[in-house]
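# Coordinate analysis (summary)
As a plain string of letters, each chain reads:
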Amino acid sequence: MTLAATPPAGAHASHVVATSCPRCAAPLDFAEASNAVRCSHCAVVLLVTGRRRVLSYTIAPRVTRSEARSVVGFTRPARGAPRLGEPRLLLVPYYRLVAEEVFWQRKRIAAPRRPPLEDLDHLGESLLGLPSAVPGRSDEREEIALVGRRIERSFLACDTSGLATWSLGVRPGVLRLELFRRDALDERATVLPPTVAADAALARALSPLPEVQLVHRDVLRATLSLIYFPLWVAETRPAPARRATVVDAVSGSLVARDADAAGLACRDAPAALDRVIGFRPLTCPNCGWDLPLRPDDVVFHCTSCERSWELVGEDLEPVASIAVAPPPAPARRAAPDRRVVHHLPVWEVTADGRRVARRIGPAGVPQRLYAPAFRWRALKALCDLGARLSRRAPDVAGERAGASALVGCSLDRADAVTLARLIALRIVTPHEVRASRRDDLPAVELLAPRLRLLWLPFAGDAYSVREPFTGWALPRRSVEELVRGE
């Protein structure tokens, strides 16, 4: 089995897409979540289009037809077996979801009581053992905690009558994904069409885990795709019995010895589900200037005409944005301010927010909410930063800044509204809520949101990088990696 190449620098996804450069036809490998890529052969910078679409990929077979024939022949009895049919390739569709979820989880926390003085010896040790081990010696309270994590799920997109496993497992992470192209397939290959609609597949993939006691949940950066996995099918009995032996075309293992081949008739997937990514030059739609190459970016800022563009499907749409000027240095500082300033993206969401339920939290929803748009491992930290900025509501001013000072934006406008709603819940709800079983978080609705992208200045010292309006600090090493695109 051939392992995939290491993803390029700046890639946060472990899945690698293998294709060819549209300009020079050289091999082009890049991380699946990348929105921009550079060809290592001709150095052309390309925009990867098709974002938010259900794109189709395939995993190339590692086992040849002759090797599959040998595996099938080895499993057949020596005598009385009918003539073995020629193995043909079968492509089975899987849906795969990659997303980040943020949710409030209800947890029971035990707070042990101190034993009374009469239960202690002269050294202060309990004569009855640990308080938690004694019935009735501990208090249990229920709290709601904010949790953020990355999710990845895959499942079959059609019924194969047990011929394929339910999940792809880790295979998309260790094997190259290739673009699904009909002209590159074997003419005798059978493509099973997905029978589950994309909306139903997305709802199924986003179903929460049953063991988690959810109070509220939202999903960011959700990407749904189709992956066709290869199997070799060789008929061992002709019609009308139609029995077949199925071999894994990647590992060469036996999947089914005597399966029903009636449902594996030659079919074809609908053309609407054969969408693949496209490439176009990464240039500004207004002035034609080269946009900065950042694979994780969703919004690209042009340093020539000072305009910002969001990738939506195959197009770059304009976005209102400004770079915020750093506040003046304190008057008591005699030496000039030599701190390094990095501009990190934050969405300003202006909307009429209202609480649908009024159970927890007396505070109202601010009219302006701030959703951090840079990629960070801890989503809870972004919610905390957004809540601080939203409470403060800083008065910002515009400033022209170079490309080296702006960090890429990895959150689009739809996800920014979702994150702003989560931040509003963070504001109207205390940090840790002691609630009974019947209490839930208040539902927040943002009416007619208007968005603007701000690049806020984060000034760095020896150990941290701080936001000037609230003083929120981030580790300097992690911010430097973010600036370099690592």
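Definitions and limits used
- Residues numbered from 1 in each chain as written.
- Predicted model: local features only at pLDDT ≥ 70, side-chain atom pairs only at ≥ 80, totals over all residues.
- Heavy atoms only, no water.
- Buried < 20%, exposed > 50% of the residue type's maximum accessible area, 1.4 Å probe, protein only.
- Helix = DSSP H or I, 4+ residues; strand = E, 2+ residues; numbered from the N terminus.
- Pairing = 2+ DSSP bridges.
- Contact = heavy atoms within 4.5 Å.
- Axes fitted to C-alpha atoms, helices over the stretch in contact; angles between N-to-C directions.
- Parallel < 35°, antiparallel > 145°, perpendicular 65-115°, else oblique.
- Nonpolar A, V, L, I, M, F, W, Y, C, P; charged D, E, K, R; others polar.
- Salt bridge = Lys/Arg side-chain N within 4 Å of Asp/Glu carboxyl O.
- Core = buried A, V, L, I, M, F, W, Y, C linked by side-chain atoms within 4.5 Å.
- Phe/Tyr/Trp six-rings, centres within 6.5 Å; stacked < 30°, edge-to-face > 60°.
- Disulfide = S-S within 2.5 Å.

### Some words on the pairing of strand S5 (residues 55-58)
- The alternating pattern of S5 places Leu-55 and Tyr-57 on one face and Ser-56 and Thr-58 on the opposite face, and all of these are buried.
- Here two bridges tie S5 to strand S8 (residues 177-179), and the two strands are oriented antiparallel to one another. Bridging across to S8, Thr-58 finds its partner in Glu-178.

### Some words on the environment of Pro-366
- Here Pro-366 is to be found in the loop between strand S18 (340-355) and strand S19 (368-372).
- Linking Pro-366 and Ala-424, residues 58 residues apart in sequence, is a C-alpha distance of 7.5 Å.
- What Pro-366 contacts, discounting residues up to four positions off in sequence, is Ala-351, Ser-390 and Ile-427.

### A word on the sheet that holds strand S16 (residues 315-319)
- Sheet architecture is open: three strands sit in the order S14-S15-S16, paired in antiparallel fashion. Each having just a single partner strand, strand S14 (299-301) and S16 make up the two edges of the open sheet. Strand after strand, the sheet turns through a mean of 35 degrees between neighbouring axes, direction not considered.

### Focus: the environment of Leu-447
- Position of Leu-447 among the secondary structure elements: in strand S22 (residues 444-460).
- Accessibility expressed as a relative area gives 33% for Leu-447, which makes it partly exposed.
- Taking the C-alpha atoms as reference points, Leu-447 and Ala-351, 96 residues apart in sequence, are found 5.6 Å from one another.

### Topic: unusual backbone geometry
- The backbone of Ala-43 shows a phi angle near 65 degrees, a positive value even though the residue is not glycine.
- By secondary structure assignment, the location of Ala-43 is in the loop between strand S3 (36-38) and strand S4 (45-49).
- Phi at Arg-52 takes a positive value of approximately 70 degrees, unusual for a residue other than glycine.
- Mapping Arg-52 onto the fold places it in the loop between S4 and S5.

### Comments concerning the packing of helix H4 (residues 379-392) against helix H5 (residues 413-428)
- Between H4 and H5, the shortest axis-to-axis distance is 9 Å and the interhelical angle comes to 70 degrees. One finds that H4 runs roughly perpendicular with respect to H5. Residues Lys-380, Leu-382, Cys-383, Asp-384, Gly-386, Ala-387, Ser-390 and Arg-391 of H4 pack against Leu-419, Ile-423, Arg-426 and Ile-427 of H5.
- Residues belonging to the contact of H4 with H5 are distributed by class as follows: six nonpolar, two polar and four charged.

### What about the sheet that holds S3?
- Ordered in space as S3-S4-S13, the three strands form an open sheet in which the pairing is antiparallel. One side of each edge strand has no neighbouring strand; the edge strands of this open sheet are S3 and strand S13 (278-281). In this sheet, neighbouring strand axes are inclined to one another by 35 degrees on average, regardless of whether the strands run parallel or antiparallel.
- For S4 and S13, the ladder comprises four bridges, and the chain directions are antiparallel. Each bridged residue has a counterpart across the sheet, and for Thr-49 the counterpart in S13 is Gly-278.

### What about the pattern of salt bridges?
- With the rule as written, the count across this model stands at 21 salt bridges.
- We note a salt bridge from Glu-86 to Arg-65, for which the minimum N-O separation is 3.9 Å. Residue Glu-86 is found in the loop between helix H1 (65-75) and strand S6 (88-112), and its partner Arg-65 is found in helix H1; the two are separated by 21 residues along the sequence.
- Overall, the relative accessible area of 41% leaves Glu-86 in the partly exposed class.
- Using a relative accessible area of 17% as the deciding quantity, one classes Arg-65 as buried.
- Here the salt bridges share partners, and the residues they tie into one network are Arg-51, Arg-52, Asp-412 and Asp-415.

### Describing the nonpolar core
- Of all hydrophobic cores here, the largest spans 58 residues; its most connected members are Trp-347, Phe-374, Leu-419, Leu-456 and Leu-474.
- Considering every element that reaches this core, the biggest residue donor is H5, with ten residues.
- Apart from residues lying up to four places away in sequence, Phe-374 is in contact with Arg-221, Leu-344, Pro-345, Leu-382, Leu-385, Gly-408, Ser-410, Leu-474 and Leu-482.

### Topic: the packing of aromatic side chains
- The tally for this structure, following the rule as stated, stands at five aromatic pairs.
- The interplanar angle of 85 degrees and the centroid separation of 6.0 Å between the aromatic rings of Phe-374 and Trp-376 together place this pair among those described as edge-to-face.
- Judged by its relative accessible area of 15%, Trp-376 falls in the buried class.
- Clustering of aromatic rings is evident, with ring pairs tying together Phe-374, Trp-376 and Phe-458.

### Brief notes about the state of the cysteines
- Under the criterion given, the structure shown has zero disulfides.
- Unpaired in this structure, Cys-42 has its nearest cysteine sulfur neighbour in Cys-24, at a distance of 3.6 Å.
- In this structure Cys-305 is not part of a disulfide, and its nearest cysteine sulfur, from Cys-284, lies 3.5 Å away.

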